[in-house]
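Residue strings, one per chain:
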Amino acid sequence: MKRQEKQVGLTKDVGWQFGLRKTFPYPQEYVWDFMFSDKGLRIWLGELEEELGIKKAYRTKEGIEGLVSVFVPYSHIRMNWKKRDWENVSTVQVRVVGDREKATISFHQEKLLDNSQREEMKSYWNEKMAAIAEAIKAEG
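So, here's what we can say about the structure. (Residues numbered from 1 in each chain as written. Predicted model: local features only at pLDDT ≥ 70, side-chain atom pairs only at ≥ 80, totals over all residues. Heavy atoms only, no water.)

Quick look at the sheet that holds strand E1 (residues 16-24)
Here six strands make up an open sheet; going across it, the order is E1-E6-E5-E4-E3-E2 and the pairing antiparallel. The two strands at the open ends of the sheet, each matched to only one other strand, are E1 and strand E2 (57-59). Averaged over neighbouring strand pairs, the angle between their axes works out to 20° when direction is ignored. Two elements, strand E5 (residues 90-98) and strand E6 (residues 103-112), share eight bridges in a ladder whose sense is antiparallel. Opposite Val96, over in E6, you have Ile105 as the bridge partner. Across the face of the sheet, helix H1 (residues 28-35) comes into contact with E1, strand E3 (65-72), strand E4 (76-81), E5 and E6 while running at roughly 145° to E5. (Pairing = 2+ DSSP bridges. Helix = DSSP H or I, 4+ residues; strand = E, 2+ residues; numbered from the N terminus. Axes fitted to C-alpha atoms, helices over the stretch in contact; angles between N-to-C directions. Contact = heavy atoms within 4.5 Å.)

Brief notes about unusual backbone geometry
Positive phi values are uncommon outside glycine, yet Lys55 reaches one of about 60°. Position of Lys55 relative to the elements: it lies in the loop between helix H2 (38-44) and E2. Exposure remark for Lys55: the relative accessible area of 62% places this residue in the exposed category. (Buried < 20%, exposed > 50% of the residue type's maximum accessible area, 1.4 Å probe, protein only.)

A short note on the pairing of E3
Relative to E3, E2 runs antiparallel, the two being bridged by three bridges. Among the inter-strand pairings, Arg59 is bridged to a residue of E3, identified as Glu65. In textbook terms, the turn of a hairpin is the stretch between consecutive antiparallel strands, and for E2 and E3 this stretch comprises five residues, one of which, Gly63, has a positive phi near 95°. Judged from the four bridges that link them, E3 and E4 form a sheet pairing that is antiparallel. What sits directly across from Phe71, in E4, is Ile77. In this structure, the hairpin formed by E3 and E4 is closed by a connection of three residues, where Tyr74 is found at a positive phi of approximately 65°.

Brief notes about the packing of aromatic side chains
Considering all chains together, one arrives at 12 aromatic pairs under this definition. Look at Phe36 and Phe71: their rings are 5.5 Å apart centre to centre, the planes differ by 80°, and that puts the pair in the edge-to-face class. Of this pair, Phe36 sits in the loop between H1 and H2 while Phe71 sits in strand E3, placing them 35 residues apart in sequence. Taking relative accessible area as the criterion, Phe71 reaches 32% and is therefore assigned partly exposed. Considering the side-chain rings of Tyr124 and Trp125, the 4.9 Å spacing of their centres and the 90° angle between planes classify their relative orientation as edge-to-face. (Phe/Tyr/Trp six-rings, centres within 6.5 Å; stacked < 30°, edge-to-face > 60°.)

Structural notes on helix H3 (residues 115-139)
Helix length check: H3, at 25 residues, gives a terminal C-alpha distance of 36 Å against a target of 36 Å (1.5 Å per residue), a fit within 8%. Taken together, the buried positions of H3 are Gln117, Arg118, Met121, Tyr124, Trp125, Met129, Ile132, Ala135 and Ile136. Residues of H3 that are buried sit in contact with E1, H1, H2, E4, E5 and E6. Two or three places before Ser116, at the start of H3, stands the capping residue Asp114, its side-chain oxygen 3.2 Å from that residue's backbone nitrogen. (Expected span 1.5 Å × (residues − 1). Polar contact = N/O pair within 3.5 Å; in protein donor to acceptor, adjacent residues only side chain to side chain.)

Notes on H1
Taken together, the buried positions of H1 are occupied by Gln28, Val31, Trp32, Phe34 and Met35. Projected down its long axis, H1 carries its buried residues within an arc of 160°, all on one side. (Arc of directions from axis to C-beta.)

Focus: the pairing of E6
The buried fraction of E6 amounts to eight of the 10 residues, a majority that puts the element mostly inside the structure. Here eight bridges tie E1 to E6, and the two strands are oriented antiparallel to one another. Across the sheet, the residue bridging to Phe18 is Gln109, located in E6.

As structure tokens, this is what we get:
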């Protein structure tokens, strides 16, 4: 019996997913504060119409919308996430872990429709991470 090859990014429970991590030589608090400043949020989430809040729907001027389900300051945020042209809703988790020396930002997105949507988001989050790195370096 031939075993089916496992496809990268496909899970049994949450469909297609993508994750990305990058470590920065700055303290965790500094990186978190940047990520949730107006400038940081504009980079990775978009320009918000209202402030983010737990159990509160959000929408960006770029057409991303969802609902924040978990928000733990200096740790992570978990939210439903839907692009304007999507029919499905995915889940995005953003974490900042580290110490006083360095911090790692991670994006994890699940419940993607297929490999094509996974590839779209892989490109999207890589662009966002590059922009974050450039902005943090400019400010740091």
